[in-house]
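These are the residues of each chain, in order.
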Amino acid sequence: MKLTVVMPVYNEVQTLQEVVRRVLAAPIQAEIELILVDDGSTDGTLALYDRVVQEHAGRSITVLRHDQNQGKGAALRTGFARATGEIVLVQDADLEYDPADYPRLLAPILAGKADVVYGSRFVGSEAHRVLLFWHMLGNRFLTTLSNALTNLNLTDMETCYKVFRAEVVRSLSIRSNRF
C-alpha cells in the first residue's frame with residue numbers, strides 16, 4: 001500500500017523539519033509519499049526544503065510552492081492533484097497532530113469499513129492537547145451547525161486529520177481557497 005501525506009505548509013520554520021521526520025517515521029507498513037505544499041511562506045520556511053529533501057534522500061518527498069498565500073483549501077487542491085497513493089492523508093505542519101496516530105486513522109479504511117476517516121480532538125480517553133476555551137466553544141458551535149447542514153455526526157469539523165481512499169479525493173471539487 002502507498003500512503004500519500006499532503007502537508008499544507010505556511011510559515012512553519014520552527015516545526016517543519018520535526019514534523020517531516022515524524023511523518024516519515026510513522027509506525028505503518030506502507031510506502032509514504034510526502035507532498036509538501038508551501039503556501040507562500042515568508043518566515044524562512046522556504047530555505048528548509050532543500051535541507052529536508054537531502055536529509056531524507058531516497059524517500060518520496062515532493063515540494064510544491066504557491067508564490068503567495070492562497071489558503072489551506074488551495075494548498076490541498078495542489079497537493080491532491082499530485083497524490084499517487086491509494087490512500088491520502090492530510091497532515092498539518094505545526095505538530096498539533098502526531099503521525100504516531102496514523103495506524104488508528106488508517107485502520108477503518110484498510111479494514112474496508114470506511115472510505116473517509118476524520119480525526120477528532122474531542123473523543124477518546126488518551127491524553128490530548130488542551131484547547132483554549134473560546135476556541136473549543138467556537139469549534140463545537142461550528143461542528144453542530146455543520147452536522148445540521150450535512151446530516152453527519154462529526155465531533156470536530158475543524159480537525160486536521162482527514163484520510164481518504166484516493167478515488168474519493170479524485171472525486172472532490174474543492175472550491176474554497178481558505179480553510
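Here we summarise the structure given alongside this text. (Residues numbered from 1 in each chain as written. Predicted model: local features only at pLDDT ≥ 70, side-chain atom pairs only at ≥ 80, totals over all residues. Heavy atoms only, no water.)

In terms of helices and strands, the protein chain carries six helices and six strands. Its helices and strands taken in sequence order, the protein chain reads β-α-β-α-β-α-β-α-β-α-β-α from the N to the C terminus. Buried positions account for 42% of the 179 residues belonging to the protein chain. Within the protein chain, residue pairs in contact and separated by at least 24 positions form 78% of the contacts whose partners lie at least 6 positions apart. As displayed, the protein chain has an accessible area near 9,900 Å², and 52% of this comes from carbon and sulfur atoms. (Helix = DSSP H or I, 4+ residues; strand = E, 2+ residues; numbered from the N terminus. Buried < 20%, exposed > 50% of the residue type's maximum accessible area, 1.4 Å probe, protein only. Contact = heavy atoms within 4.5 Å. Areas by Shrake-Rupley, 256 points an atom, 1.4 Å probe, with all protein chains shown as cover.)

Another aspect to go through is the pattern of salt bridges. Counted under the stated rule, the structure contains six salt bridges. The partner of glutamate 18 in a salt bridge is arginine 21, and the shortest N-O contact between them spans 2.3 Å. Here the residue glutamate 18 and the residue arginine 21 both occupy positions in helix H1 (residues 16-24), the gap between them amounting to three residues, near one helical turn. The class of arginine 21 is partly exposed, set by a relative accessible area of 40%. Ionic pairing is found between arginine 104 and aspartate 101, a salt bridge with its closest N-O pair at 3.8 Å. Classification of arginine 104 by relative accessible area gives exposed; the value is 55%. The class of aspartate 101 is partly exposed, set by a relative accessible area of 28%. It is possible to trace a salt-bridge network through shared partners that takes in Glu18, Arg21 and Arg22. (Salt bridge = Lys/Arg side-chain N within 4 Å of Asp/Glu carboxyl O.)

Among all positions of H1, only Leu16, Val19, Val20, Val23 and Leu24 are buried. With its buried residues spanning 130° around the axis, H1 presents them on a single face. Buried residues in H1 make contact with strand S1 (2-9), strand S2 (31-39), helix H2 (49-55), strand S3 (60-66) and helix H4 (102-110). (Arc of directions from axis to C-beta.)

This part covers the environment of aspartate 98. Mapped onto the elements, aspartate 98 comes out in the loop between strand S4 (87-90) and H4. By relative accessible area, which is 34% here, aspartate 98 ends up partly exposed. Counting along the chain gives 76 residues from aspartate 98 to arginine 22, while the straight-line C-alpha distance between them is 7.6 Å. If we ignore the near neighbours within four places in the chain, the residues touching aspartate 98 are Arg22 and Tyr161.

Side chains Ile87 and Leu89 project from S4 onto one buried face, and the interleaved Val88 and Val90 project onto a second face that is buried too. Of the strand pairs in this sheet, S1 and S4 are connected by four bridges, and their pairing is parallel. When the sheet's bridge partners are listed, valine 6 is paired in S4 with valine 90. In this sheet, strand S6 (residues 162-165) lies alongside S4 in antiparallel orientation, the contact comprising four bridges. (Pairing = 2+ DSSP bridges.)

Keep in mind these values describe shape, not function.
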